[in-house]
There are 2 protein chains.
Amino acid sequence: MKQNIYDHPEFFHQYHALRQTPYNFNSLLEQPAFKSLLPNVTNLQMLDIGCGMGEFAYYCIENDAKHVTAIDVSKNMLTIAQREHAHANIDYCLQALEDYDVSPESYDCITSSLSLHYVKDFDTVIGKIARMLRPDGVFIFSMEHPIVTARKTVEDNWIYDDNGNRSHYAVDHYQHEGIREQTWFIDGVVFYHRSISTIINTLIAHGFTIEKMLEPLPDIESIQKLPALEKELRRPSFLLIRAKK
Amino acid sequence: MKQNIYDHPEFFHQYHALRQTPYNFNSLLEQPAFKSLLPNVTNLQMLDIGCGMGEFAYYCIENDAKHVTAIDVSKNMLTIAQREHAHANIDYCLQALEDYDVSPESYDCITSSLSLHYVKDFDTVIGKIARMLRPDGVFIFSMEHPIVTARKTVEDNWIYDDNGNRSHYAVDHYQHEGIREQTWFIDGVVFYHRSISTIINTLIAHGFTIEKMLEPLPDIESIQKLPALEKELRRPSFLLIRAKK
């Protein structure tokens, strides 16, 4: 989480341009699945970890959440959030979760969209989230799917045939958990691979009950808008979980 | 489950020979993980689905289970079970789970080792298992890992480089759940692929709480005994789950 690629000028420029497009993997695939896991947020006290440009925090307030604390490590992201998604009931904080300090049982619902794969010490972070949640509180998160993060290579994991068509997706090193480097707009983007069983067992060890898991599938309309989504049928990009304390 | 490859003479001959070897994937990888998920079975009333040659049912009795009902669709398997692992407290029944009829809440613990990937209607079978379990009963099962069952091909999913070394493992068609055919000793062995989220959500929908998930790893001693186990570090063969009613 402390890695701050989003303040790297070249990365940020390209990432921001991507997110400005109306049809992207976030808007058509990850966010609809993520929102489908949300409970009724009316009157809830919420924490959004890795809030980025604040769209989701704002969505929660629009859906009658009482208050959202929205944290992120990127100054660039928070500048946009404060400009585009400011609200009296949202507090934007420049903060890594690892350094964030709050009384136990402060939140009814904690969310994290595509940020936990940047976390080095998953166990500590999940323990912290469990403590910050009230009893019966809900934790919803998405991350890069372990099938996608497993292979230790900076190359594309899609393997192509002689005609340039995707032949299959390459998996390797699944049980070697830990650091991975990827080229995503810039070289050396660092994230962490964990197996699905590690993710599940860590949640359970900290007292969570798994309520739902999603490996989201695009619908036909979305594939028509963004044909690249079709490859999601061949292997999932994202893993989403709703867990209850 | 109703598919009965184990009574195909050629398949059975080769399968039996494999299981007679002291070091195989069952004895060194799947069974140790499977047994690690077991509660204390003392005095428990148990059902073992797809009991095969009865080793596991017998293990439970040796560990003071009160009684094991052990069902399987293969006559060949049950003949061996009754010859090698007969016990007054084990009932071996030639029966598919789909056709098995028993009063609700009959068992404290239900187990199934590497048989549920043969089941066509997973939802119905999990519902049946839930009904057969007493409150707080435990369900433990292993199956082929979805990473392994995903790709619709009868070829090896390991992709080799020009030197004949394994380059990576091929995943494809992950979201296309359903029937797969494989060559395993004989052609046309039929099993079913399901995504991890389908497996997890089906359990939860039938009232189960996920207690533990394993994607078992061989230890160094086991790899020394059976070097083929080393590739388990690169992608998992098996998925195991303990769930509580």
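Just so it is clear, the structure is predicted and the values come from calculations on it, not from any experiment.

Asks: What exactly am I supposed to notice about the overall build of chain A here?
Replies: What chain A contains, in helices and strands, is eight helices and 11 strands. For chain A, the spread of C-alpha atoms along the three principal axes comes to 55 × 40 × 35 Å. Buried residues in chain A amount to 44% of all 245 residues. Counting contacts in chain A only where the partners sit at least 6 residues apart, residues at least 24 apart contribute 67% of the total.

Asks: It is not clear to me how the interface of chain B and chain A should be interpreted in this structure. Could you clarify?
Replies: Reports of interface size often rely on the accessible area that becomes lost once the parts have come together. Facing 29 residues of chain B, the contacting portion of chain A comprises 29 residues. Of all the secondary-structure elements, those providing two or more residues to the side of chain B that touches chain A are strand 7 (166–171), helix 7 (196–205) and strand 10 (209–214) of chain B. Of the residues forming the side of chain B that touches chain A, the biggest block, six residues, is contributed by strand 10 of chain B. Its residues assigned to classes, the side of chain B that touches chain A shows 14 nonpolar, eight polar and seven charged. Where strand 7 (residues 166–171) of chain A meets strand 7 of chain B, three bridges bridge the pair, whose relative direction is antiparallel.

Asks: Teacher, can you tell me more about the relation of the copies chain B and chain A here?
Replies: Mapping between the two copies of the chain is achieved by a rotation about an axis and a shift along the axis. The transformation that overlays chain B on chain A combines an axial shift of 0.0 Å with a rotation of 180°, and the residual RMSD is 0.0 Å. The relationship between the two copies is best expressed as a two-fold rotation axis. When C-alpha distances to the rotation axis are compared across chain B, the minimum falls at B:Ala170, with a value of 2.5 Å. Interface residue correspondence from chain B to chain A reaches 100%, placing this contact among same-surface, isologous pairings.

Asks: What am I meant to see in the sheet that holds strand 1 (residues 45–49) of chain B here?
Replies: Whenever strands of a sheet pair, they do so through backbone hydrogen bonds, lying parallel or antiparallel. Residues and elements named next belong to chain B. Strand order in the open sheet formed by seven strands is 3-2-1-4-5-11-10, and the pairing between neighbours is mixed. In the strand order of this sheet, the two ends are held by strand 3 (90–94) and strand 10, each with one partner. Here the average twist between neighbouring strands, direction ignored, is 15°. Taken together, the five bridges between strand 2 (residues 67–72) and strand 3 define a ladder with parallel strand orientation. Note on strand 3: the bridge partner recorded for Thr-69 is Asp-91. Seen against the sheet, helix 3 (residues 55–62) touches strand 1, strand 2, strand 3 and strand 4 (107–113) and runs at an angle of roughly 175° to strand 2. Here helix 4 (residues 75–84) sits on the sheet and contacts strand 2 and strand 3; the angle it forms with strand 3, its principal contact strand, is near 160°.

Asks: Explain the sheet that holds strand 6 (residues 158–160) of chain B to me, please; I cannot follow it from the model alone.
Replies: As summarised here, the arrangement of the four strands in space is 6(A)-7(A)-7(B)-6(B), forming an open sheet in which the pairing is antiparallel. Whereas interior strands pair on both sides, the edge strands pair on one side only; in this sheet they are strand 6 (158–160) of chain A together with strand 6 of chain B. Across this sheet, the average inter-strand angle for adjacent strands is 50°, counted without regard to direction.

Asks: Can you walk me through the confidence of the model for chain A in this structure?
Replies: Reading fine detail from the predicted coordinates is not recommended where pLDDT is low. On average, residues of chain A score 93 in pLDDT, and 99% of them reach the 70 mark or higher. As scored by the predictor, the complex reaches a pTM of 0.95 and an ipTM of 0.94.

Asks: Would you mind showing me how to read unusual backbone geometry here?
Replies: Trans peptide bonds make up most of the peptide bonds, and negative phi angles are found at most residues other than glycine. Residues and elements named next belong to chain A. With a phi close to 55°, His-173 is a non-glycine residue in the positive phi region. Position of His-173 among the secondary structure elements: in the loop between strand 7 and strand 8 (178–184). Of the residues examined, His-173 has 19 C-beta atoms within 10 Å and is grouped as partly exposed.

Asks: Teacher, can you tell me more about helix 2 (residues 25–36) of chain B here?
Replies: Working note: α-helix, 3.6 residues per turn, so residues spaced by three or four point in the same direction. Residue and element names in this part refer to chain B. Given a rise of 1.5 Å per residue, 12 residues ought to cover 16 Å, and the 16 Å separating the end C-alpha atoms of helix 2 matches this to within 8%. Of all the positions in helix 2, only Asn-26, Leu-28, Leu-29 and Phe-34 are classed as buried. Looking at the buried positions of helix 2, the neighbouring elements they touch are helix 1 (9–20), strand 4, strand 5 (133–144), helix 8 (220–225) and strand 11 (238–244).

Asks: I'm lost on the pairing of strand 11 of chain B in this one. Help?
Replies: Along any regular strand the residues' side chains alternate between the sheet's two faces. Residues and elements named next belong to chain B. For strand 11, the buried fraction is high: six of the seven residues fall into the buried class. For strand 5 and strand 11, the ladder comprises seven bridges, and the chain directions are antiparallel. Considered in strand 11, the bridge of Met-143 is made with Leu-239. Here strand 10 pairs with strand 11 via five bridges, running antiparallel. Looking across to strand 11, one finds that Leu-214 is bridged to Leu-240.

Asks: Sorry if this is basic, but what is going on with the environment of B:Pro32 here?
Replies: All names here are of chain B. Secondary-structure assignment places Pro-32 in helix 2. Residue classification places Pro-32 among the partly exposed residues on the basis of 14 C-beta atoms within 10 Å. For the pair Pro-32 and Asn-157, spaced 125 residues apart in sequence, the C-alpha separation works out to 25 Å.

Asks: Explanation requested: helix 4 (residues 75–84) of chain A in the structure shown.
Replies: Along helix 4 of chain A, the residues classified as buried are A:Asn76, A:Met77, A:Leu78 and A:Ala81. Looking at the buried positions of helix 4 of chain A, the neighbouring elements they touch are helix 1 (9–20), strand 2 (67–72) and strand 3 (90–94) of chain A.

Asks: Explain the environment of A:Leu28 here, please?
Replies: Residues and elements named next belong to chain A. Structurally, Leu-28 is set in helix 2 (residues 25–36). Taking the C-alpha atoms as reference points, Leu-28 and Ser-222, separated by 194 residues in sequence, lie 6.2 Å from one another. Discounting residues that sit within four places of it in the chain, Leu-28 has contacts with Tyr-23, Pro-218, Ser-222, Lys-225, Leu-226 and Leu-229.

Asks: Teacher, can you tell me more about the environment of A:Val171 here?
Replies: Assignment of secondary structure puts A:Val171 in strand 7. Judged by local crowding, A:Val171 falls into the buried class, with 24 C-beta atoms found within 10 Å. A:Val171 sits 14 residues away from A:Asn157 along the chain, and the two C-alpha atoms are 7.5 Å apart. The contacts of A:Val171, once residues within four sequence positions are left out, are A:Ile147, A:Ala150, A:Arg151, B:Ile147, B:His168, B:Tyr169, B:Val171 and B:Arg235.

Rules behind the numbers
Residues numbered from 1 in each chain as written. Chains lettered and ligands numbered in written order. Predicted model: local features only at pLDDT ≥ 70, side-chain atom pairs only at ≥ 80, totals over all residues. Helix = DSSP H or I, 4+ residues; strand = E, 2+ residues; numbered from the N terminus. Buried ≥ 20, exposed ≤ 12 C-beta atoms within 10 Å, placed from the backbone. Contact = placed C-beta atoms within 7 Å. Nonpolar A, V, L, I, M, F, W, Y, C, P; charged D, E, K, R; others polar. Pairing = 2+ DSSP bridges. Least-squares fit on C-alpha atoms with pLDDT ≥ 70 in both. Axes fitted to C-alpha atoms, helices over the stretch in contact; angles between N-to-C directions. pLDDT = per-residue confidence, 0-100. Expected span 1.5 Å × (residues − 1).

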